[in-house]
Amino acid sequence: MQDNYHAGFMTDNPDFGKRFQAIRGRSLVFLTDVIALSYLWTLASYCWNRFALGIGSYATLPWWVMLIVAVELAAVWENFGVSLGMRLLGLRLSSRGEKSGIATHILRYIVWHIAPLSLISFFFSSQQAPWHDRLTHLYAVSAAEVEEKRGPWYHTSWKNALALIAGITVLTAFGVTDVNLYALFTRASRTGRIWVRLLNPDFSLLGSGFRLLIVTIYMALMATIFAIVIAVPLSFLAARNLAQGVIGHAIYTIVRVVISVTRSIDAIIWAIIFLVWVRVGAFPGVLALFVHSIADLTKLYSERLESIDPGPVEAIRAAGGNRLQVILYGIVPQIINPYLSFTLYRWDINVRMATIIGIVGGGGIGQSLYQYMKVSDYRSAGMMMLLIVITVWSIDYLSARLRARLN
Amino acid sequence: MATKPSKLRSGKPLTRFGALKTRFGAFFVDWALWGYVAYAVVYLLNRYWYTEIYFYGRLTVPTWGWPIVILGTLELAVISHAFAQSIGLSAFGLRVLTQDYQYPSRAARLRRYLWWHVSLLSLPITLFGSGLNNQLLHDQMSKTGMFRIKDVKDEMPVSTPRAWYKTNRGVVAVLLIALTIWVGGLVTQINISALIDRAPKTAYMWKALVTPDFTHLFALDPELAVNANPDLPASIFSGLLQSLFMALLATVLGGIIAFPLSFLGARNMMGFSSLGWAIYWVMRGFFNIVRSIESLLWGIIFAIWVGFGPFAGVLALSVHTIAALGKLYSEQVEGIDPGPLEAMASSGARRWQVIMYGVIPQVVPSFLAFTLYRWDINLRMATVISLVGGGGIGRLLFYYKGQVGRIPNAWNQVAAVIAVIVVVVWLLDYLSGRVREKIN
């Protein structure tokens, strides 16, 4: 039908998708640069405030000043060099073989400010390039089309910017965390006494320390054993490949969210909650480790389930096996060793955690270690530390050896 | 059937020195297991029989009880060795068979068990004398031997696999787990009735925990200003930034220091002289000892050293990071492909050149992955290290927890801090997981 009209009577069907792609790429590049520059600005003003003025504030000028400066700097950066966003998202400026000098770049920078008006031509013009590109014949093209000049890293603006961002982040970290190297060195002598006592443990506490150690190991053991009982069935509900139907997927999502949230809360925070519930002793410690272990083991187990070989499962299903038989003979033989290995690993972690959960009152050797530290009885604390080191080390070694055999 | 074992290529009975290592290993596993059972039995006797119970279950055994416990466990270990396929034998892949690879009769097993005692006494003669045909005495006298299962698999009578609850190992394992739960429940004072009875009393806490109060997310908390607590973060957000930067700084510092140390702790880099081996063992010991002490415990020491505040937290996390990353890094260095290194060394490259151009390019991606993983762990730790005076967002968490009962919505404030921690920890976990996937 279109062929019956003379050339130019009708334009091509506008390809909005392609134009949108071009705009999206450019906007993302611009956004990346503005965010990077704002970050740099914020941290730089923090460093200035912190180290020159001695106040811990992130802002010196109003936020809109910072935003305008960041936008202008991003525009300059994108018009005169390869910006961070351009590097990350693969865009370069190219004159497509035409002559272009510094004046072209300046012109493009000025015309860039009417770039938002190009959005109007998005609907009315078949051209994909915005006006500042078309007016200066300096186009933003994919990085693959442009030959890169190779030079040392400090000649490239985005590498400079990255180095600056990394440097200023570390500098800010020094400020935020109150790094005080002066105290570290001048107060070292104060701790000399402590080190001497820590390294001369009070061996008369060997017996009671050993009993506390037994409590700690049992805490880890009980938490792990009970967690397995819950985590194994949960892991089948939390495996994406085993979830079937709408209900199955809903359960999968709920279980996943719950274990992610539970896992993100450290066992010590759980111990605080359980201390309110069941009061002081080793029991709240066991419960805290138990809850954290369930979440962690379910995650590890279900990830293993998601990567099982579907061959045996399909074979049993094809032979007419029901769901239980599929699980028993198709899945269980594949997962039994990894599950044991994960459990050993988790037990190892639980022993470590059990040594510190006593700090909040969760019982075991950690609690008396913390109490000895509090009353500055460092020789007794040294004995507890020695026992902790020996236990954690040997259990770590044992579990690593056993896991190596299981794999 | 009655072929002489010496004529067979495989299935030689384990003899003398070669046998002793695995035999002792298997024996000690069994002895330790029976020792554990004895501990549990004595604990339970103390608990239920004696009226007087010492704090944390101090065991009281009469003087004559100790020899009984030691000899009794020893005998039980020997019996389980002679009469059954015990856990120790299974762990070391051993099996007691007659000399022509059949299962021994009861009488032969009994003879073996009885002769074992004579054999133990005459062990020095057996080991260092000419030996009885290179066999231990109880092997010889009962016409049985201890074999590696993998050596005699083909000659052994085929046994039908039995359900786990019918095998010796299965039953013992179940009994051990049951005993562990029993004793463990008593040792750790597990009190299910308290858990259930007190549950209604915690309802107010759970209600508050699911309705977080975000009013102090960005704003200054007037409550904190009144208390004039200069070391408290001004808001939840600034506490969060503190924790994030603490984790970042600890990971960067720890990584930078662990990088060179990991080469000193790698067997294949240091095994060129006895001095190198000495450095290797020192580094290994350092990594293992420092790693065994959790960063929270390091936090106690550094809080004394540099005073309370985030700097102590950074130092504690850094020290633990150095050891943990050092170990992970050095294992990576030990696992590299030696091919390129040999090629470089044979073309006359010096040691540092081999490391620079042969080792480092191979290990950098996995080093990066481990460092990201560690950053993740450090953030988790940075949220709770304020418990021992390490600063960060946990400072607010424990502050509000301490205010429970004093200010009305303290648990809601705690919930807000926990919610922020959950979001950030989850986000970083997800991001670092994605990046690590890309690196590998």
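Residues numbered from 1 in each chain as written. Chains lettered and ligands numbered in written order. Predicted model: local features only at pLDDT ≥ 70, side-chain atom pairs only at ≥ 80, totals over all residues. Heavy atoms only, no water.

## Observations concerning the overall build of chain A
Right, so step 1: Assigned secondary structure in chain A consists of 17 helices and 2 strands.
Right, so step 2: Its C-alpha atoms give chain A a radius of gyration of 32 Å, clearly above 22 Å, the size a compact globule of 407 residues would have.
Right, so step 3: Summarising its shape, the C-alpha atoms of chain A cover approximately 100 × 75 × 40 Å along the three principal directions.
Right, so step 4: Looking at the 407 residues of chain A, the share that counts as buried comes to 45%.
Right, so step 5: Pairs at least 24 apart in sequence give 76% of the contacts found in chain A among residues at least 6 apart.
Right, so step 6: By element, 66% of the accessible surface of chain A is carried by carbon and sulfur atoms, the whole surface being about 21,600 Å². (Helix = DSSP H or I, 4+ residues; strand = E, 2+ residues; numbered from the N terminus. Rg over C-alpha atoms; globule rule 2.2 N^0.38 Å. Buried < 20%, exposed > 50% of the residue type's maximum accessible area, 1.4 Å probe, protein only. Contact = heavy atoms within 4.5 Å. Areas by Shrake-Rupley, 256 points an atom, 1.4 Å probe, with all protein chains shown as cover.)

## Considering the overall build of chain B
Right, so step 1: For chain B, the helix and strand inventory stands at 20 helices and 2 strands.
Right, so step 2: Residues classed as buried in chain B amount to 48% of the 440 residues present.
Right, so step 3: Across chain B, every contact between residues at least 6 apart in sequence was considered, and the portion connecting residues at least 24 apart equals 74%.
Right, so step 4: Surface summary for chain B: the accessible area is close to 22,500 Å², and the carbon and sulfur share equals 68%.

## A few points about the confidence of the model for chain B
Residues and elements named next belong to chain B.
Right, so step 1: Here chain B averages 84 in pLDDT, while 88% of its residues score no lower than 70.
Right, so step 2: For chain B, helix α11 (residues 222-227) is the element with the lowest average pLDDT, namely 58, and helix α16 (residues 310-334) is the one with the highest, namely 94.
Right, so step 3: Under a pLDDT of 50 for its full length, residues 1-11 has, in the predicted model, 13 contacts with residues more than four places off or in other chains.
Right, so step 4: The ipTM for the predicted assembly is 0.85, set against a pTM of 0.85. (pLDDT = per-residue confidence, 0-100.)

## Considerations on the domain arrangement of chain B
Right, so step 1: Splitting chain B by domain gives domain 1 (16-184) and domain 2 (214-439).
Right, so step 2: With centres defined by C-alpha atoms, the gap from domain 1 of chain B to domain 2 of chain B works out at 45 Å. (Domains from an automatic or database assignment.)

## Details of the packing of helix α9 (residues 188-198) of chain A against helix α17 (residues 378-406) of chain A
Residues and elements named next belong to chain A.
Right, so step 1: One can describe the packing of α9 onto α17 by two numbers: an axis separation of 7 Å at closest approach and a directional angle of 50°. In terms of orientation, α9 lies oblique with respect to α17. Of the two elements, α9 crosses α17, and the hand of that crossing is right-handed. Residues Ile194, Arg197 and Leu198 of α9 lie in contact with α17, whose contacting residues are Tyr378, Arg379, Ala381, Gly382 and Met385.
Right, so step 2: Tallied by class, the residues present in the contact of α9 with α17 amount to 5 nonpolar, 1 polar and 2 charged. (Axes fitted to C-alpha atoms, helices over the stretch in contact; angles between N-to-C directions. Parallel < 35°, antiparallel > 145°, perpendicular 65-115°, else oblique. Left-handed = near helix turned anticlockwise from the far one by under 90°. Nonpolar A, V, L, I, M, F, W, Y, C, P; charged D, E, K, R; others polar.)

## Thoughts on the interface of chain B and chain A
Right, so step 1: Opposite the 67 residues of chain B that make contact, chain A presents 71 residues.
Right, so step 2: Surface buried jointly by chain B and chain A totals about 6,300 Å² across both partners, of which 75% is contributed by carbon and sulfur atoms.
Right, so step 3: Arginine 263 of chain A serves as the salt-bridge partner of aspartate 429 of chain B, at 2.9 Å between the closest nitrogen and oxygen.
Right, so step 4: Taken together, the connections running from chain B to chain A amount to 14 residue pairs in polar contact (both at pLDDT 80 or more). (Buried area = accessible area lost by both parts, 1.4 Å probe. Salt bridge = Lys/Arg side-chain N within 4 Å of Asp/Glu carboxyl O. Polar contact = N/O pair within 3.5 Å; in protein donor to acceptor, adjacent residues only side chain to side chain.)

## Examining helix α13 (residues 282-306) of chain A
Right, so step 1: With 25 residues, α13 of chain A ought to run about 36 Å at 1.5 Å a step, and its terminal C-alpha atoms sit 36 Å apart, in line with that.
Right, so step 2: In terms of residue burial, α13 of chain A counts as a mostly covered element, since 21 of its 25 residues are buried. (Expected span 1.5 Å × (residues − 1).)

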